[in-house]
Amino acid sequence: MAKFRYTGRNDLGEIQSGVVEAGNRDLAIKILQDNKIYVLSLESLEKKGFLDGLLQLFQRVKTKDLMIFTRQLSVLLSAKVQLVDSLKALYNQVTDPLLKDAIFDVFTDVEGGMYFSQALAKHPKVFSDFFVNMVRSAELSGRLEETLNYLADYLEKDNNLKTKLRNAMIYPAFIIVVFLAVMILVVTVVIPQLKGIFTESGSQLPFITRALMGVGDFLLNWGVAIIVFLIIAIFLFVRYIKTPEGKAFWQQLLLSLPIVGPIQKKVAISRFASSCGALLKGGLPIASSLEISGKIVSNVVYEEILTKTADAIRSGGTISDFLAQYPNYFSPMVIQMIAVGEVSGQVDELMQKVADFYSDEVDQTAANLAEIIQPVLIVILGVFIGVFVAAVLMPIYNLAQVF
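Report follows, based on the coordinates. Predicted model only: the values in this text are computed from it and were never measured.

Thresholds applied
- Every chain is numbered independently, its residues counted from 1 as its sequence is written.
- Only residues with pLDDT of 70 or above have their local features reported here, since the model is predicted, and side-chain atom pairs are shown and tallied only from 80 upward, although totals for entire chains, interfaces and linings are computed over all residues.
- Calculation of side-chain values draws on the structure's entire complement of heavy atoms; hydrogens and water are dropped beforehand.
- Strands are runs of DSSP state E lasting at least 2 residues, helices are runs of H or I lasting at least 4, and numbering of each runs from the N terminus.
- The globule rule used here is 2.2 Å times the number of residues to the 0.38 power, and the radius of gyration it is set against is calculated over C-alpha atoms.
- Remark: exposure states derive from per-residue accessible area (1.4 Å probe, protein chains only) relative to the maximum for the residue type, with buried under 20%, exposed over 50%, and partly exposed in between.
- In what follows, a contact means two residues having at least one pair of non-hydrogen atoms within 4.5 Å.
- Computed by Shrake-Rupley with a 1.4 Å probe, the accessible areas treat only the displayed protein chains as cover when residues are assessed.
- A residue counts as positive if it is Lys or Arg and as negative if it is Asp or Glu; His and the chain ends are not included.
- By convention, charge coordinates are those of NZ in Lys, CZ in Arg, CG in Asp, or CD in Glu.
- Helix span, as expected, comes to 1.5 Å for every residue beyond the first.
- For this analysis, a polar contact is any N or O atom pair within 3.5 Å, provided that within protein one partner can donate a hydrogen and the other can accept it, and provided that sequence-adjacent residues contribute only side-chain to side-chain pairs.
- By nonpolar core we mean a set of buried residues, namely Ala, Val, Leu, Ile, Met, Phe, Trp, Tyr and Cys, connected to one another through side-chain atoms within 4.5 Å.
- Centres within 6.5 Å make a pair out of two Phe, Tyr or Trp rings, where for Trp the six-membered ring is used; the pair is then stacked when the planes are under 30 degrees apart, edge-to-face when over 60, and tilted otherwise.
- We count a charge as sitting over a ring when the NZ of a lysine or the CZ of an arginine lies within 6 Å of the ring centre and within 35 degrees of the ring normal.
- For helices, the axis comes from a line fit to the C-alpha atoms of the stretch in contact; other axes are also lines fit to C-alpha atoms, and the angle between any two N-to-C directions lies between 0 and 180 degrees.
- If an angle is under 35 degrees, it is roughly parallel; if it is over 145, roughly antiparallel; if it lies from 65 to 115, roughly perpendicular; otherwise it is oblique.
- By definition, turning the near helix anticlockwise from the far helix through less than a right angle yields a left-handed crossing, and turning it clockwise yields a right-handed one.
- Any residue outside Ala, Val, Leu, Ile, Met, Phe, Trp, Tyr, Cys, Pro, Asp, Glu, Lys and Arg is labelled polar, Gly included; the first ten of those are nonpolar and the last four are charged.
- Strands qualify as paired when DSSP identifies two bridges or more between them.

**Concerning the overall build of the protein**
When you go through the protein residue by residue, the secondary structure sums to 16 helices and three strands. Taken over C-alpha atoms, the radius of gyration comes to 29 Å for the protein, far larger than the 22 Å a tight globule of 403 residues would show. Taken along the three principal axes of its C-alpha coordinates, the protein extends 100 × 65 × 35 Å. Expressed as a percentage of the 403 residues in the protein, the buried residues total 38%. Pairs at least 24 residues apart make up 59% of the contacts formed inside the protein by residues separated by at least 6 positions. Carbon and sulfur atoms form 63% of the exposed surface of the protein, whose accessible area is close to 23100 Å². In the protein, the 36 positive side-chain charges and the 38 negative ones have mean positions that sit 4 Å from each other.

**Digging into helix α13 (residues 300-314)**
Its 15 residues place the ends of α13 21 Å apart at the C-alpha level, agreeing with the 21 Å of an ideal helix rising 1.5 Å per residue. Along α13, the positions that sit buried rather than exposed are Val 301, Tyr 302, Ile 305, Leu 306, Thr 309, Ala 310, Ala 312 and Ile 313. Packed against the buried residues of α13 are α10 (244-256), α11 (260-281), α12 (286-297) and α14 (319-323). The distance from a side-chain oxygen at the start of α13 to the backbone nitrogen of Val 301 is 3.0 Å, and the residue carrying that oxygen is Asn 299. Positive backbone phi, approximately 105 degrees, marks Gly 316, located one or two places after α13.

**A look at the nonpolar core**
Counting 53 residues, the largest nonpolar core has Leu 42, Phe 116 and Phe 127 as its most contacted members. Looking at this core, the element that brings in the most residues is helix α5 (residues 97-111), giving eight residues. Ignoring anything within four residues of it in the chain, the contact list for Phe 127 reads Leu 66, Phe 69, Leu 99, Ala 102, Val 106, Leu 120 and Val 132. Ile 269, Val 297, Tyr 329 and Phe 330 belong to the second-largest nonpolar core, a separate cluster that totals 28 residues.

**Overview of the packing of aromatic side chains**
For the structure on display, the rule yields 13 aromatic pairs. With a centroid separation of 5.9 Å and an interplanar angle of 80 degrees, the aromatic rings of Phe 272 and Phe 330 are classed as edge-to-face. Of the two residues, Phe 272 sits in helix α11 while Phe 330 sits in the loop between α14 and α15 (332-344), which places them 58 residues apart along the sequence. Here the aromatic cluster, defined as three or more aromatic residues joined through ring pairs, consists of Phe 272, Tyr 302, Tyr 329 and Phe 330. Above the ring of Tyr 91, the side-chain terminus of Lys 100 is found at 4.3 Å from the ring centroid.

**Some words on α12**
With 12 residues, α12 extends 16 Å from end C-alpha to end C-alpha; this agrees with the ideal 16 Å at 1.5 Å per step. Of all the residues in α12, the buried ones are Ala 287, Ser 289, Leu 290, Ile 292, Ser 293, Gly 294, Ile 296 and Val 297. Just beyond α12, the residue with positive phi is Ser 298, at close to 60 degrees.

**Section: the packing of helix α4 (residues 83-91) against α5**
Any two packed helices are characterised by the angle at which their axes cross and by the distance between the axes. At their nearest, the axes of α4 and α5 sit 9 Å apart, and the two run at 160 degrees to each other. Taken together, the axis directions place α4 and α5 in an arrangement best described as roughly antiparallel. Where α4 crosses over α5, the handedness of that crossing is left-handed. Of the residues in α5, those touching α4 at Leu 83, Val 84, Leu 87, Lys 88 and Tyr 91 are Lys 100, Ile 103, Phe 104, Val 106, Phe 107, Val 110 and Glu 111. Across the contact of α4 with α5, the residue classes tally to nine nonpolar, no polar and three charged.

**Comments concerning unusual backbone geometry**
Positive phi, normally seen in glycine, also occurs at Lys 36, with a value near 60 degrees. Looking at the secondary structure, you find Lys 36 in the loop between α1 (25-34) and β3 (38-44). Of note in this structure, Lys 80 is not a glycine but carries a positive phi near 70 degrees. Positionally, Lys 80 belongs in the loop between α3 (63-78) and α4.

**Here's the deal with the sheet that holds strand β2 (residues 15-22)**
Taken together, the three strands give an open sheet; going across it, the order is β2-β1-β3, and neighbouring strands pair in antiparallel fashion. The outermost strands of the open sheet, each flanked by one partner alone, are β2 and β3. Neighbour to neighbour, the strand axes of the sheet diverge by 25 degrees on average, direction disregarded. As judged from the six bridges shared by strand β1 (residues 2-9) and β3, these two strands associate in the antiparallel manner. From the neighbouring strand, Gly 8 faces β3, where its bridge partner is Val 39. Packed onto the sheet, α1 meets β1, β2 and β3 and runs at close to 130 degrees relative to β2.

**Let's talk about the packing of α1 against α5**
Packing of α1 against α5 brings their axes to within 12 Å, and their N-to-C directions diverge by 20 degrees. What the angle tells us is that α1 and α5 run roughly parallel. The handedness of the crossing between α1 and α5 is left-handed. Contacts from Arg 25, Asp 26 and Ile 29 in α1 reach Lys 100, Asp 101, Phe 104 and Asp 105 in α5.

**Points about the environment of Ser 86**
When you line up the elements, Ser 86 lands in helix α4. Judged by its relative accessible area of 0%, Ser 86 is buried. Distance from Ser 86 to Val 75, taken between C-alpha atoms, is 9.4 Å for residues 11 residues apart in sequence. In this structure Ser 86 touches Leu 73, Leu 76, Leu 77 and Val 81, once residues within four positions along its chain are discounted.

By themselves, these observations are geometric and do not establish any function.
Written out as structure tokens, the structure reads:
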């Protein structure tokens, strides 16, 4: 039996706290409810091991799970089910442990009198600034159901975009890994077994064969040291890119690469335009919408530009004039569309048009990339396989000529 520390309110409205034993969190809540205690907080007293703490650092709520929760919450609210009752109903059917715990805390906070947006803001790992601010603006405008439905659409599009980009890279990554494994196997196992025969023949080995033998000897002698070095280098590199300086360097490098760069820019513009347009439509000021959109883009370079743009807006400038100073990151079409929106007073609608355009562009680019990479990889792998075959067969042919 696990122990849980609880804080709740009884029928008289008095706050109570204590410890309850139950098989799991759900049973603990049921026990307290059966005793007419409305739970405000529930914390496990079980000590977590090092492995549990390490796994918790990498634990994330899937975008798909969050999208389904948001969509279902919108449907329940549209059916005039109270917010607390809707959250309780969804709590009982959500399977993701991190999301489930967050929903529990949210509905207990809301039941205790807290605003929905304030309760969501206490869980930044689950609900982003964009999500919280959209809900906050919906609470002010009274359009919570509509806003939640939009958030579900946004999350679905974002999840589809990530999936398409990931799928476009799975095939080439798999082929490259398999090829490297085969190459290492050939130079460290196959060629060394033939080395003695070639040496005894006394014939002059081709340069390709001698080069691969040298690579094989190097890997056999220094393979362990190379693996240790790579592990340490990757560990240090990952730590570096998690720092503000390293993250900025890495993302700037990605934006400057030939193929990856244009895709990264299109994704950033699509997210910026979609989130900013939605926040403006929800009633948030332009400057605040720009700052929040910069965080949603998840790119330090664009976040810095959009933060400076928000400062320029507060000083009396316009979005289009300031973004025009960064032609490498915002195309003339984006700037022109925003300028038209500023003149017509329809920035939110034109932002959404920009988001739709670049979302389609990313989809098309990902599809084209998947089609182009396959034949290119086939040609490259064919060349390398030809080299390996030549390195093995040429000495065997020369050896046959001798005998």
